[in-house]
Amino acid sequence: MSQALGALVPQADWRLLPVPLALLDQRGRVLQANAVWQSLGLGEEGAESSVLSASPAVLPALNQAQDFDLPLNFAASASHSGLLQARWDASVAAHLCIWRSQAEALSNCESRLEKFMQATAEGILFHKEGLVADANAPMCALLGYQLDEVLGLPVIDFVLDSERAKVRSVMEAERELRYETALLHRAGHIIPVELIVRSVESGGERMRMSIVRDIRDRIAAQARIEHLAHHDDLTGLLNRSAFIERAAGLMQGAERRQQRLALLFIDLDNFKRVNDSLGHMEGDKVLITVAERINDCLRSTDLVARFGGDEFVVLLGDVHERSDVMAVLMALLAVVEVPVMADGCLLTVTPSIGVSLYPEHGVRVEDLMQRADMAMYQAKAAGRAGYRFYEDSLAEHAYADLLLESQLAQALERNEFVLFFQPQVDAQTDELIGAEALLRWQHPQRGLLSPDAFIDVAERHRLMVDLGAWVMRASALQARHWHQHGIAQVPIAVNLSRMQFRLEGFGDMVARVLEELGVPGAWLELELTERMLMDEIASAPLTLAALRALGLTVSVDDFGTGYTSLAHLTRLPLDKLKIDQSFVAALPEDSGSAAITRAIIQMAAGLGLKVSAEGVRNEAQRQLLLQWGCGGLQGELIGEPMSASAFEHWLTLRRAPAS
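Only a predicted model underlies this, so the values are computations on that prediction, with no experimental measurement involved.

Below, the discussion takes up the overall build of the protein. In terms of regular secondary structure, the protein is built from 27 helices and 27 strands. Relative to its length of 659 residues, the protein is extended, with a C-alpha radius of gyration of 45 Å against a globular reference of 26 Å. Summarising its shape, the C-alpha atoms of the protein cover approximately 150 × 65 × 50 Å along the three principal directions. Of all 659 residues assigned to the protein, the portion counted as buried reaches 45%. Of the contacts made within the protein by residues no fewer than 6 positions apart, 56% connect residues no fewer than 24 positions apart. When the accessible area of the protein is evaluated, it comes to approximately 32,300 Å², of which 52% is carbon and sulfur surface. Taken together, the 59 basic and 87 acidic charged side chains of the protein have centroids lying 1 Å from each other.

Looking now at the pattern of salt bridges. Counted according to the given criterion, the structure contains 32 salt bridges. The residue Lys380 makes a salt bridge to Asp269 at a minimum N-O spacing of 2.7 Å. One end of the pair, Lys380, is in helix H15 (residues 365–381); the other, Asp269, is in the loop between strand S11 (260–268) and helix H12 (272–278), and 111 residues separate them in sequence. In terms of burial, Lys380 and Asp269 fall into one category: buried. In this structure, the salt-bridge partner of Arg388 is Glu391, at a minimum N-O distance of 3.8 Å. The exposure class of Arg388 is partly exposed, given its relative accessible area of 26%. Through salt bridges with shared partners, a single ionic network connects Glu122, Arg178, Glu194 and Arg213.

Right, let's talk about the sheet that holds strand S1 (residues 21–24) for a bit. Spatially, S2-S1-S5-S4-S3 is the arrangement adopted by the five strands of the open sheet, whose pairing is antiparallel. In the strand order of this sheet, the two ends are held by strand S2 (30–33) and strand S3 (68–72), each with one partner. Geometrically, the sheet is characterised by an average inter-axis angle of 25° between neighbouring strands, direction not taken into account. As judged from the eight bridges shared by strand S4 (residues 82–89) and strand S5 (residues 94–101), these two strands associate in the antiparallel manner. Its bridge partner being in S5, Ala86 is matched across the sheet by Cys97.

For the rest of this paragraph, the subject is the confidence of the model for the protein. Per-residue confidence for the protein averages 87 on the pLDDT scale, and 91% of its residues sit at or above 70. Here residues 6–12 is a poorly scored stretch, pLDDT under 50, and it has six contacts once near neighbours within four places are set aside; other chains count.

The subject of this paragraph is the environment of Val611. You can see Val611 is positioned in strand S25 (residues 610–614). Along the sequence, Val611 and Val304 sit 307 residues apart, while their C-alpha atoms lie 51 Å from each other. Excluding residues that lie within four positions of it along the chain, Val611 makes contacts with Lys576, Leu577, Ile579, Ile600, Ile601, Ala604, Gly629, Cys630, Gly631 and Gly632.

With an omega of 5°, the peptide bond between Tyr358 and Pro359 qualifies as cis. As for its placement among the helices and strands, Pro359 is situated in the loop between strand S16 (351–358) and H15. A cis amide bond, omega 0°, links Leu587 with the succeeding residue Pro588. Here Pro588 lies in the loop between helix H24 (581–585) and helix H25 (591–606). If you check the backbone angles, Ala93 has positive phi at about 55° while not being a glycine. The residue Ala93 is located in the loop between S4 and S5 in this model. Although it is not a glycine, Asp558 sits at a positive phi angle of roughly 55°. Mapped onto the elements, Asp558 comes out in strand S23 (residues 553–559).

Turning our attention to the sheet that holds strand S12 (residues 303–308). With respect to topology, five strands assemble into an open sheet ordered S12-S13-S11-S16-S17, the strand pairing being mixed. Each end of this open sheet is capped by a strand with a single partner; those strands are S12 and strand S17 (387–389). Within the sheet, the average angular offset between the axes of one strand and its neighbour, ignoring direction, is 20°. Contacting S11, strand S13 (311–319), S16 and S17, helix H14 (residues 322–336) crosses the sheet at an angle of about 160° to S16. Running at roughly 145° to S16, H15 makes contact with S11, S12, S16 and S17 of the sheet.

We now examine H25. With 16 residues, H25 extends 22 Å from end C-alpha to end C-alpha; this agrees with the ideal 22 Å at 1.5 Å per step. Of the residues making up H25, those classed as buried are Ser593, Ala594, Thr597, Ile600, Ile601 and Ala604. Looking down the long axis of H25, one finds its buried residues gathered within 130° of arc, a one-sided arrangement. Across H25 from its buried face, at more than 90 degrees, point the exposed residues Ser591 and Gly606. Buried residues along H25 sit against S23, strand S24 (576–579), H24, S25 and helix H26 (619–628). Regarding H25, its N-cap is Asp590, as a side-chain oxygen of that residue lies 3.0 Å from the backbone nitrogen of Gly592 further along. One or two residues past the end of H25 sits Gly608, with phi positive at roughly 75°.

Reading the values: the criteria
- Residues numbered from 1 in each chain as written.
- Predicted model: local features only at pLDDT ≥ 70, side-chain atom pairs only at ≥ 80, totals over all residues.
- Heavy atoms only, no water.
- Helix = DSSP H or I, 4+ residues; strand = E, 2+ residues; numbered from the N terminus.
- Rg over C-alpha atoms; globule rule 2.2 N^0.38 Å.
- Buried < 20%, exposed > 50% of the residue type's maximum accessible area, 1.4 Å probe, protein only.
- Contact = heavy atoms within 4.5 Å.
- Areas by Shrake-Rupley, 256 points an atom, 1.4 Å probe, with all protein chains shown as cover.
- Lys, Arg positive; Asp, Glu negative; His and termini not counted.
- Charge placed at Lys NZ, Arg CZ, Asp CG, Glu CD.
- Salt bridge = Lys/Arg side-chain N within 4 Å of Asp/Glu carboxyl O.
- Pairing = 2+ DSSP bridges.
- Axes fitted to C-alpha atoms, helices over the stretch in contact; angles between N-to-C directions.
- pLDDT = per-residue confidence, 0-100.
- Expected span 1.5 Å × (residues − 1).
- Arc of directions from axis to C-beta.
- Polar contact = N/O pair within 3.5 Å; in protein donor to acceptor, adjacent residues only side chain to side chain.

As structure tokens, then:
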């Protein structure tokens, strides 16, 4: 007896097993066999087994020295047809074989199938000639019926009408495949499913078996992925790529129908303040609200997309006249400006909108977008919270901007910028108390340019960051030179740009410049505008405190022209207010300017701040400002902006004794 068989049953019991068992060598000879095996005529011990004659595949399988199952059919006796299950036993180099009759094998198969039907979570349905013969519990639950309610009914009755032709063709052809279709639930709703269909033998009958998989979750996931691929995940509006694709299709249709379209590029003004002051989560709520308001102003045939950040794009279809666009523009300006509740506060955001028209301003989506974008920037430059239609002159202006931007970048590399200095004096003693650094560009073709000729372009294209850093270093170096040589031991005032002040870690950057150049903070004064302070009101106090801790003086330039509230002014760590020259220029005749100027001087004194006036042009203005208590003066009467060498010469002349 083999070791494998002996491990299963004791020697004494082996002959009594009711299962045909034998040990066959690789030539098919019976090494050992029990009585049941021999009684079936499957081979005597020591002789060649008759299973070799049942199939030519038996001997090659025995020679492979590995497990196998082979269905066999004996020509002499149909009752002997069945299944030979052989398991290789390496210890005796032979196969332990069990013979199962066809009926037993079929019964065993059906038993396993029944267990599978009840254990699986997938629906399984059997049908014969198109009528339901059996179904498991998950299949019944999927359709909403009990088993006894579906037995004998046509399978096709449970298939969606539009899918019946496809399902019927598969059934009639008895094809074995996997495909998707849709079933109808008892309650009437549609269930998308995947079917795996096979022909099987069950109970001696040929039937069709379908494994039915509910794919609603899979389809929902695919739809979600598809949606995310074409929509902005925050607002649910179309994203950039989907908008461009659909807009191109609408433009093709408009070309065929000879229709006009309008593209609106919308940017929210100063939205960065919302994120910086309240955080991005509250900022997201504002964006969602704005997106809903924009969408509500449009027709279902119009397209709207979020391009990222605070930018939205709209394509209006079938535009007959500009008045059609104006109606939408007025509605957008009105609804977007309505205050939005965020973090318990009512916030107002305003839109700047640029408009381009099809086909006048372009026949490609990209062209319309570019031109609407140009127009939007013009709307911002005009004061925000407004709109602008594209004009050809904007393209010329954009080209000039592009050229100037390139020249500015080269000017930094070639060191074409210089500083001019305007003196500041004490109103009572006329002694020098400071100098304001003013940027100039020594253009190789156009000569000496003031900031009015290039600052706007520098700020729009972020060149102002590098330019501002250059001014800071150049001013610090000049202050060091004047102090070390006893020329002018006064601070130099540097105008900061909005872009500089917004830089993360701006205070640390200033500290590094001072340390690197060996310049005390007291040798520099930084000037900011009211608008810059209000735009950055959340972060300004900390930044200003860090700058003052370095010893720098912090001044508010052009004071009186912005919108600083007194409450904010008392909380900001400041040193000085500079009265805007527009008020000084109207003195002494204009009573309104006089009242404002005097009020600023009195307010500064009450807050413990220094105050100076710029734009002083005549003696009458000087005397009036002195009378009201203004501490510092700056302007043409004192001295024009001049180069460093000219400034030093001016100082020399002032110090020379009168002859």
